[in-house]
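Listed below, chain by chain, are the residues.
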Amino acid sequence: MSHHDEPDGWIGRSLLRKEDNRHLLGASTFVGDIRMPGMQDIAFVRSGSAHARVVDIEKPAGLEQRVYTLADLGPIWSLDSGPEMASFRSVPYPPLASDRVRFVGQTVAACMAPTRAEAEDIAQQVVLNVNELPVVIDTVDSLKPGTGTLFDGWTDNAFVHATIAGGDIASVAGAPVQLRRQFKMNRQSVAPLETRGIVAWWDYRLDELVVYISNQGPHVLRHGLAQTLGLPEHKLRVIAPDVGGGFGSKNRLMPEDITVAAIAMKCGHPVRWIEDRREHLISGVQAREHYYDLTLYAERNGRILGLKGELFVDAGAYSLWPSGPFMESSMAARNLPGPYRIEHLHVETHTVATNKAPLGPYRGVARPGACFAIERAIDELAHELGMDPVELRRINLVRAVDMPFETIGGLSLDTGDYPVALEAVVEMLDIPAVRARQARGEKDGRRIGIGFAVYTEQSGHGTIEWTKRKSRVVPGYESATVRMLPDGTVHIAVGILNHGQGLETTLAQVAAHELGIDPSQISIRHGDTGTTPFGFGTFASRSMVFSGGAVAKASALLADKVRRIGAHLLQAPLKAVTISAGAAHAGRASVPIGEIARVANIRPEMLPPDVSPGLEATATYEPPDSGGVYSYGVHATVIAVDPETGVVELLQYAVAEDCGTMINPMIVDGQIMGGVAQGIGTALYEESRYDESGEPLATTFGDYVMPCAPEIPSFQIKHFVTSARNTLHGIKGMGEGGAIAPPAAIANALADAFRDIGAAFNETPLTPRRVSDAVARAQGDAA
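As a starting point, this report considers the structure included with it. (Residues numbered from 1 in each chain as written. Predicted model: local features only at pLDDT ≥ 70, side-chain atom pairs only at ≥ 80, totals over all residues. Heavy atoms only, no water.)

Time to look at the pairing of strand E25 (residues 616–621). Of the two faces of E25, the one lined by Ala617, Ala619 and Tyr621 is fully buried and the one lined by Glu616, Thr618 and Thr620 carries no buried residue. Where strand E19 (residues 478–484) and E25 come together, 6 bridges link them in antiparallel fashion. Its bridge partner lying in E25, Thr481 is registered against Thr618. (Buried < 20%, exposed > 50% of the residue type's maximum accessible area, 1.4 Å probe, protein only. Helix = DSSP H or I, 4+ residues; strand = E, 2+ residues; numbered from the N terminus. Pairing = 2+ DSSP bridges.)

Let's shift gears to the pattern of salt bridges. A side chain with one charge can pair with a side chain of the opposite charge if their charged atoms come near. Counting across every chain of the model gives 51 salt bridges. Between Asp379 and Arg755 there is a salt bridge, with the nearest N and O atoms lying 3.5 Å from each other. Taken together, the residues Asp379 in helix H7 (residues 367–385) and Arg755 in the loop between helix H17 (742–753) and strand E29 (763–764) connect sequence positions 376 residues apart. A salt bridge links Arg598 to Glu595; the nearest nitrogen and oxygen atoms lie 2.8 Å apart. Within this pair, Arg598 and its partner Glu595 are both found in helix H14 (residues 593–602), separated by 3 residues, close to a single helical turn. Residue classification places Arg598 among the partly exposed residues on the basis of a relative accessible area of 27%. The exposure class assigned to Glu595 is partly exposed, which follows from its relative accessible area of 26%. Salt bridges sharing partners connect three or more residues here, namely Arg46, Arg116, Glu120, Arg196, Glu256, Glu275, Asp276 and Glu279. (Salt bridge = Lys/Arg side-chain N within 4 Å of Asp/Glu carboxyl O.)

All right, on to helix H6 (residues 326–335) then. Taking burial as the measure, the 10 residues of H6 include 10 buried ones, the bulk of the element. For H6, every residue scored as buried is listed here: Phe326, Met327, Glu328, Ser329, Ser330, Met331, Ala332, Ala333, Arg334 and Asn335.

Before going further, it helps to spend a moment on the environment of Arg46. Topologically, Arg46 is positioned in strand E1 (residues 40–46). Apart from the residues within four sequence positions on either side, Arg46 is in contact with Gly105, Gln106, Thr107, Val108, Glu256, Trp273, Glu279 and Ser283. There is a polar contact of 2.9 Å between the side chain of Arg46 and the backbone oxygen of Gly105. Only 3.0 Å separates the side chain of Arg46 from the side chain of Glu256, close enough to count as a polar contact. (Contact = heavy atoms within 4.5 Å. Polar contact = N/O pair within 3.5 Å; in protein donor to acceptor, adjacent residues only side chain to side chain.)

Relative orientation of the contacting elements H7 and helix H8 (residues 389–396) amounts to 115°, with a least axis distance of 9 Å. In terms of orientation, H7 lies roughly perpendicular with respect to H8. Crossing angle aside, the handedness with which H7 passes H8 is right-handed. Each of Glu375, Ile378, Asp379, Leu381 and Ala382 in H7 lies in contact with H8, whose residues at this interface are Pro389, Leu392 and Arg393. Here the contact of H7 with H8 is built from residues that sort into 5 nonpolar, no polar and 3 charged. (Axes fitted to C-alpha atoms, helices over the stretch in contact; angles between N-to-C directions. Parallel < 35°, antiparallel > 145°, perpendicular 65-115°, else oblique. Left-handed = near helix turned anticlockwise from the far one by under 90°. Nonpolar A, V, L, I, M, F, W, Y, C, P; charged D, E, K, R; others polar.)

Spatial ordering of the open sheet is given by E3-E5-E1-E12-E9-E10-E11, a layout of 7 strands whose pairing is mixed. Looking at the sheet topology across the chains shown, the edges are occupied by strand E3 (67–68) and strand E11 (236–239). As judged from the 4 bridges shared by strand E10 (residues 208–213) and E11, these two strands associate in the parallel manner. Within E11, the position partnered with Val211 by the bridge is Val238. Along the sheet, helix H2 (residues 116–125) contacts E1, E3, strand E5 (107–113) and strand E12 (271–274); its crossing angle with E1, the most-contacted strand, is approximately 30°.

Listed below in structure tokens is the structure:
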């Protein structure tokens, strides 16, 4: 964009992450580190019933002023959540339940005391009197006739029913091969390293409510929180300091946020709530829980013709502002074709309400479930046809010559070469060697299996795509303000939020590339609505596409002004001036950018007559094609599994991926590895289980199992670079890609290990019990 020498560009360099310095020194500032004079802690009283009518709430004698119910919060305005469509049933989610509770863990009252321990003591004395109601737990059964409803006036328990279709599924009804299978991806907790937290107080000097919160999108949160509290937005400042992971769970307006902020407006001193791990596992944002009933239509040579089915997504008891659970089901259905040339699609989707904690976005959102279902179905089809699963994928994958390709779900795929990526992982894992090992057998009796999964990852979707989804908030752009100080160093304020992605480093690299200076001279500022331009936050693998574009655009504007001033100081024609290596150059002459910045800021008499003082530029950015760009990849793994115990060990894991231009390849690798680790959790370990009464059964890390370092294999990663045609610098998003394919690849490897007996592995997580049971069933059927 700007006139710099290409060899001095900073894009594509594996620089160490700037933000790691403070984290490694223990000098970070998370919400839990905030201390304010007079601050008191909040503990919540939560429902012990999954579904009940509230008769009354008894406050302990003498402590009534320390216990807040909904009536004590003052006027609270509920916000419609979910899409702006008449068929979606939007219901209020009160910050504190007053007449009915709909899941175990729902907030009922808030207790305040000088310490958290004292607040919990008060909470234990609050008595909640309820009349129990019938409980709805099973996702599919929730829609059966005669099932009680969670909300009065509803005819069934669906937030929404929708059909996702393209082509003509009836035209392939007579296909010679028809394969029907059911797949289930069970519910998970998001479980970030740092749980949620909020500190709030009224700043009398500035006459505003200040809210420190662990959140992914402070500007959007301010908008929703202000409406809920009835505050004008200029009297509400939201600050997200260091955030220890979010993965989507910190991108929704939650009842605790509203309650703590409302109490802070009343009590006259700072208040704080820090979510403990049990609270998070019981009532924090949960994820996944998809049930698929799919039929593949195919020719005998393996060519897939169409896909028909039904999809149930369990959204829990409430819809979360702003977007609700609707996009989960539509995204899952639209992603089922993935990178395959499937011409006919018909999926009936049901987003259902049950007596569980609300569903929210999680890394990959609906894509892991969709990838699991279609990739398992393809492997099952290969087994049915007696074909090699890799060969079946070769037949059906979209080829580079087919690009650009519009899938029948309405998602446009960017250029890339899926078959080439497939061949890359085939080569990395050396299939002949794996087959030879299988033939020899293992001395310890374990089985060896190899599995593959191909995925696409939509990112950078803007106004057109979000409007199509009927979103109440349309995150169609990002903003950046670039300011060069008198010594030539730079401050950049952005509306996204860095919470583990390395954005303080990569955004600085983009700016340095445009400005011709070292990234160490650039500071990225984010997270404070009082000091940063409006933005929608970090989610959906969008930050480098949108915020990277805004930073590049604003930096290029600033670079143009630097060149104009440099040309004047060098007495050279503007077209002869370039900037690189910290200076403006014209032939053999040069002037340091620091000198140009000094002139622009504190020596205005030295400026050209038509140039105003100061060096600052603000820009917004949205890609020209706001339907989105696509990263893609292929995962493959070799596993060893004990048929008796069902314990799975990952022996090898290979990834071939294409995320367009890599700003920092080392950070890309880190994102892939972290994503795969989460995908392994989905595949083998993590499950938020409930009993028939709606009682959560995974309330500690003793019950909710997550992979640790010994469970994570070493990785082989190969990158392909197909730059996006419609984004600045060809950037695509990639933050979720690593988490999408592991459940499918691992399940396919298990199926491969037991191909001789036809064991089915169609439900995650594939715990030792589920694996050993599947093997035992298959052995019984074979006998």
